[in-house]
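Remarks on the overall topology
Below are the chains, spelled out letter by letter.
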Amino acid sequence: MDRLPLDRSPVMSALLECGTLKTWSVIVTILGDLAAAPDAHVPGPVLSALTDRMGLRAQAMRVALHRLRRDGWISSSRDGRASRYALTDHGLALTLSVSDQVYGAAPPVPRGWRIVLAPSGEAMSALDHPAAIVIAPRVALLPDPAGDDGTEAAPAPLLAWEVTPGVVPDWLTATLAPPDIIQAYARLTRALNLAAEAPLPAGPVDRTALRILALHQWRRLVLRHGPGHEALMGADWPGAKARSGIARVMERIPRPDPRSLAETL
């Protein structure tokens, strides 16, 4: 099987420079992309081949698999002499809960917003909402309404009222996307553009490794904040450009069947 060596691939090198890889998180990305359906799984040899092409050590993968099984994220079973891995119901539910934010052509856009005040920092930290945007220790923005069931966006003792944000001021821009996030998205956008334009590796496993690495670096960044940040920032900030870049890469390298990958090994 043809292989594009990791240290000779400008695309892989550019993507690797976008952030340090945590093996357990890469495994979640692999299973979430290739096996995000009930009863779906990834053969162990495929998992090993993909992580190997990203420069992850076999020992680190064994430790990460043990941790993910212990924490209820993944399950394993035997398929002859090899293992196969799948997301548990818990892991699958968490993966699907952020699927739109990771794979969507655009971030979910709230129909409105509420500004929320809390009597204390502890009360604000107790607010459990994935799209909450904390703009000060006791002040936050929440999408309105909180959910399809019509529940209130802010439970007692928080005070909330509807607002209609206009142009995001510079100070809020710095809060929503501080310089390190802006720089990280800009770096990722450059790498994704390279991945969308450079010649693809010849082998299917190498192409899949490129897809997964691009997806992982995007997922790692976009899940650092809620979808509300993107909705407020608009289409001109680096995060929106990175979203367009990952969409191009995902279209260029379609999701393969893990079983077909196993047959090439």
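Located above this text is the structure these notes cover.
Read on for a plain summary of the structure. (Residues numbered from 1 in each chain as written. Predicted model: local features only at pLDDT ≥ 70, side-chain atom pairs only at ≥ 80, totals over all residues. Heavy atoms only, no water.)

As for helix α12 (residues 238-252)
Look at α12: 21 Å from first C-alpha to last across 15 residues, which is about the 21 Å you get at 1.5 Å a residue. Those residues of α12 that fall on the buried side of the exposure criterion are P238, G239, A240, A242, R243, G245, I246, V249 and M250. (Helix = DSSP H or I, 4+ residues; strand = E, 2+ residues; numbered from the N terminus. Expected span 1.5 Å × (residues − 1). Buried < 20%, exposed > 50% of the residue type's maximum accessible area, 1.4 Å probe, protein only.)

Comments concerning unusual backbone geometry
Backbone geometry at D39 places phi at a positive 70 degrees, although glycine is not the residue there. Within the secondary structure layout, D39 lies in the loop between α2 (23-34) and β1 (42-43).

Things to note about the packing of aromatic side chains
Counted under the stated rule, the structure contains two aromatic pairs. Relative to W218, the ring of Y185 lies with its centre 6.1 Å away and its plane at 55 degrees, an arrangement referred to as tilted. Remark: W218 occurs in helix α10 (residues 204-222) and Y185 occurs in helix α9 (residues 179-197); sequence separation between them is 33 residues. Both residues of the pair, Y185 and W218, count as buried. Residues Y185 and W237 carry aromatic rings whose centres are separated by 5.1 Å and whose planes lie at 75 degrees to one another, so their mutual orientation is edge-to-face. Of this pair, Y185 sits in helix α9 while W237 sits in the loop between α11 (227-233) and α12, and the two are 52 residues apart along the sequence. A residue is classified by how much of its surface remains accessible, and W237, at 6% relative accessible area, is buried. An aromatic cluster of at least three residues, connected via ring pairs, comprises Y185, W218 and W237. Above the plane of the ring of W24 lies R67, whose end atom (NZ or CZ) is 4.6 Å from the centre. (Phe/Tyr/Trp six-rings, centres within 6.5 Å; stacked < 30°, edge-to-face > 60°. Lys NZ or Arg CZ within 6 Å of the ring centre and 35° of its normal.)

Considering the pattern of salt bridges
One pass over the structure, following the stated rule, counts eight salt bridges. A salt bridge links D71 to R70, with the shortest nitrogen-to-oxygen separation between them at 3.1 Å. With its nearest N and O atoms 3.6 Å apart, the salt bridge here joins R248 to E197. Of this pair, R248 sits in helix α12 while E197 sits in helix α9, and the two are 51 residues apart along the sequence. Relative accessible area serves as the criterion here: at 38%, R248 is assigned to the partly exposed category. What you see here is one network of salt bridges that share partners, running through D33, R211 and R255. (Salt bridge = Lys/Arg side-chain N within 4 Å of Asp/Glu carboxyl O.)

A closer look at the nonpolar core
Ranked by size, the top nonpolar core spans 68 residues in total, and within it L15 and W218 carry the most contacts. Sorting elements by how many residues they give to this core places α10 first, with 10 residues. Not counting residues within four places of it along the chain, the set of residues in contact with W218 comprises Q101, V102, Y185, L188, E230, G239, A242, R243 and I246. Ranked by size, the runner-up nonpolar core spans eight residues in total, among them V116, A123, L127 and A140. (Core = buried A, V, L, I, M, F, W, Y, C linked by side-chain atoms within 4.5 Å. Contact = heavy atoms within 4.5 Å.)

As for the side chain of Q217
Note that Q217 resides in helix α10. On the basis of relative accessible area, Q217 is assigned to the buried category, the value being 0%. A polar contact is formed between the side chain of Q217 and the backbone oxygen of G19, at a distance of 3.1 Å. Excluding residues within four positions of it along the chain, Q217 makes contact with L15, L16, C18, G19, L21 and L188. (Polar contact = N/O pair within 3.5 Å; in protein donor to acceptor, adjacent residues only side chain to side chain.)

Section: the sheet that holds strand β2 (residues 74-79)
One open sheet holds the three strands; their spatial order is β1-β3-β2, and the pairing between them is antiparallel. Both outer strands of the open sheet, β1 and β2, are each paired with one neighbouring strand and no more. The sheet contact formed by β1 and strand β3 (residues 82-87) spans two bridges and is antiparallel. Residue V42 lies in a different strand from β3, and its bridge partner there is Y85. (Pairing = 2+ DSSP bridges.)

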